[in-house]
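Chain residues, written in single-letter form:
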Amino acid sequence: MSRSQNSPDGADVKVALVIPLFNEEIVLPLLIAEIESFKKARTENIQVIFIDDGSTDATVREVVRLTTGIQAYQLIRFSRNFGHQMAISAGIRMCQADAAIIMDADLQDPLSVAGQMIDKWQEGFDVVFGVRKSRSDVSATQRFTAFVFYRFFGKISEVDAPVDTGDFRLLSRRVIEAFNQFEEQQPYVRGLIAWLGFRQTGIEYHRPGRAAGSTKYPFRLRFRLAMDGLTSFSTRPLKLAVNLGLLIALGSVMGLIWVVLTKYVFGTAITGWASLIFAAFFFGGVQLFFLGIVGTYVARVYEEVKRRPRFVIQDTWESDKKEASNGSKPNY
Ligand code: UDP
Ligand code: MG
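Structural notes, computed from the coordinates.

1. Quick look at helix α2 (residues 28–41)
Step number 1: Given a rise of 1.5 Å per residue, 14 residues ought to cover 20 Å, and the 20 Å separating the end C-alpha atoms of α2 matches this to within 8%.
Step number 2: Looking only at α2, the buried set comprises L28, L31, I32, I35, E36, F38 and K39. Around the axis of α2, the buried residues are gathered within 165 degrees of arc, so they sit on the same side. More than 90 degrees from the buried face of α2, the exposed residues found are K40 and A41.
Step number 3: Summarising the contacts, the buried residues of α2 are in contact with β1 (14–21), β2 (45–52), α3 (59–67), β3 (73–78) and α5 (111–123).

Here's what the structure looks like:
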């Protein structure tokens, strides 16, 4: 593979930072200051694509106030909150640059690591992901659940995804093009990118805590993301029901034989029928559990077949232009 195919040389290399924003007004001044010094430190042409994911605070106003007149900030505003994974997907779709770096707004994905990603890309890699070697951003329980999830995901999924990585990663132009062909309603971005293949590598880094503000990923969303990841990259839970069902059926046939033998051959009736009710409850639970799993997959199919638009863009704005994309004066 030639290097020029993957990353162009020269001063006109464009790299876009794709940054989703959901109620990030507090962190924006810090973020933009960091980006400005990053731009000065790099020889590449750094652009920024902000996606406002339906913020209800002054995020949009802050972006406009802090970046008006500065080069190459673009803002895409969703009509409402569509979620982090969709915001990233929209940002990648809008990206015209030679490479895109997906990162969080809260400076948990350090720009120094983004710089190293660009260097790796220049060496010829198509995807450069950040590997969280250590982290000071979450509690021990959360670290543990994440640890277990990534390993479990690795075991049962049909894709070879690197462990301990979030969405912080660089994508080359051809990966961007390939990614844009996905039209999933509940995309699990890190899994989809692993699925694409190409030449991928990781950079280990320490993940610091949030620079300001509070997390926008409560347990509920984290859990949903994990479920999206599992259900979109594995059908093993469905197959588990088949195996377990067979095992239980086989077990009950043996149990039946044993009951008949004890009654008619050994002449002793079995006592302790109270335990039966618990057995009934237990298998009721097992059945509901697997019904739930089947339902989860059915719901995913349902979401896909509706073919709704995946997100709706209210308007877009560029820091070096004054008008919104639809020509009207934006109401920021
Ligand atoms: N985010 C988003 N939409 C949401 C939730 C989060 O665009 O519905 C953005 C958020 O603004 C941030 C990134 O996703 O840039 C990661 O969120 P956060 O830092 O709160 O997650 P954590 O680091 O705590 O997992
Ligand atoms: Mg964060």
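2. Some points on the pairing of strand β7 (residues 200–207)
Step number 1: Alternating residues of β7 divide into T201, I203, Y205 and R207, all buried, and Q200, G202, E204 and H206, none buried.
Step number 2: Sheet topology places strand β5 (residues 127–135) next to β7; 8 bridges connect them, and they run parallel. Bridge pairing in β7 places R132 opposite Y205.

3. Side note on a nonpolar patch on the surface
Step number 1: On the surface, V253, L256, I257, V260, L261, Y264, V265 and F266 cluster together into a nonpolar patch covering about 860 Å² of accessible area.
Step number 2: With respect to the helices, strands and loops of the structure, I257 is situated in helix α10 (residues 236–264).
Step number 3: With a relative accessible area of 49%, I257 lands in the partly exposed category.

4. A short note on the coordination of the magnesium ion (ligand 2)
Step number 1: Coordination sphere of the magnesium ion (ligand 2), protein contribution only: D106 (OD) and Q108 (OE1), at 1.9 Å.
Step number 2: With relative accessibility at 3%, the residue D106 sits in the buried group.

5. What to know about the environment of W195
Step number 1: Its place among the elements puts W195 in helix α8 (residues 189–196).
Step number 2: For W195, a relative accessible area of 53% gives the class exposed.
Step number 3: Apart from residues no more than four positions distant in its own chain, W195 is found in contact with V159, F182 and F233.

6. Looking at the site of ligand 1
Step number 1: In the vicinity of ligand 1 there are 18 residues, among which E24, D53, D106, T215 and K216 approach most closely.
Step number 2: In the environment of ligand 1, an oxygen atom lies 2.5 Å from a nitrogen or oxygen atom belonging to the side chain of E24.
Step number 3: Separating an oxygen atom of ligand 1 from a side-chain N or O atom of R207 is a distance of 3.2 Å.
Step number 4: Taken by itself ligand 1 offers 540 Å² of open surface, and the protein chains cover 94% of this.
Step number 5: Of the residues belonging to the shell around ligand 1, the class tally is 5 nonpolar, 5 polar and 8 charged.

Calculation notes
- Residues numbered from 1 in each chain as written.
- Chains lettered and ligands numbered in written order.
- Predicted model: local features only at pLDDT ≥ 70, side-chain atom pairs only at ≥ 80, totals over all residues.
- Heavy atoms only, no water.
- Helix = DSSP H or I, 4+ residues; strand = E, 2+ residues; numbered from the N terminus.
- Expected span 1.5 Å × (residues − 1).
- Buried < 20%, exposed > 50% of the residue type's maximum accessible area, 1.4 Å probe, protein only.
- Arc of directions from axis to C-beta.
- Contact = heavy atoms within 4.5 Å.
- Pairing = 2+ DSSP bridges.
- Patch = residues over 30% accessible without salt bridge, like charges linked within 9 Å, V, L, I, M, F, W, Y side chains within 5 Å.
- Areas by Shrake-Rupley, 256 points an atom, 1.4 Å probe, with all protein chains shown as cover.
- Salt bridge = Lys/Arg side-chain N within 4 Å of Asp/Glu carboxyl O.
- Donors = N, O, S within 2.8 Å, 3.2 Å for Na, K, Ca; no water.
- Near = heavy atom within 4 Å.
- Polar contact = N/O pair within 3.5 Å; in protein donor to acceptor, adjacent residues only side chain to side chain.
- Nonpolar A, V, L, I, M, F, W, Y, C, P; charged D, E, K, R; others polar.

The values are spatial; any link to function lies outside them.
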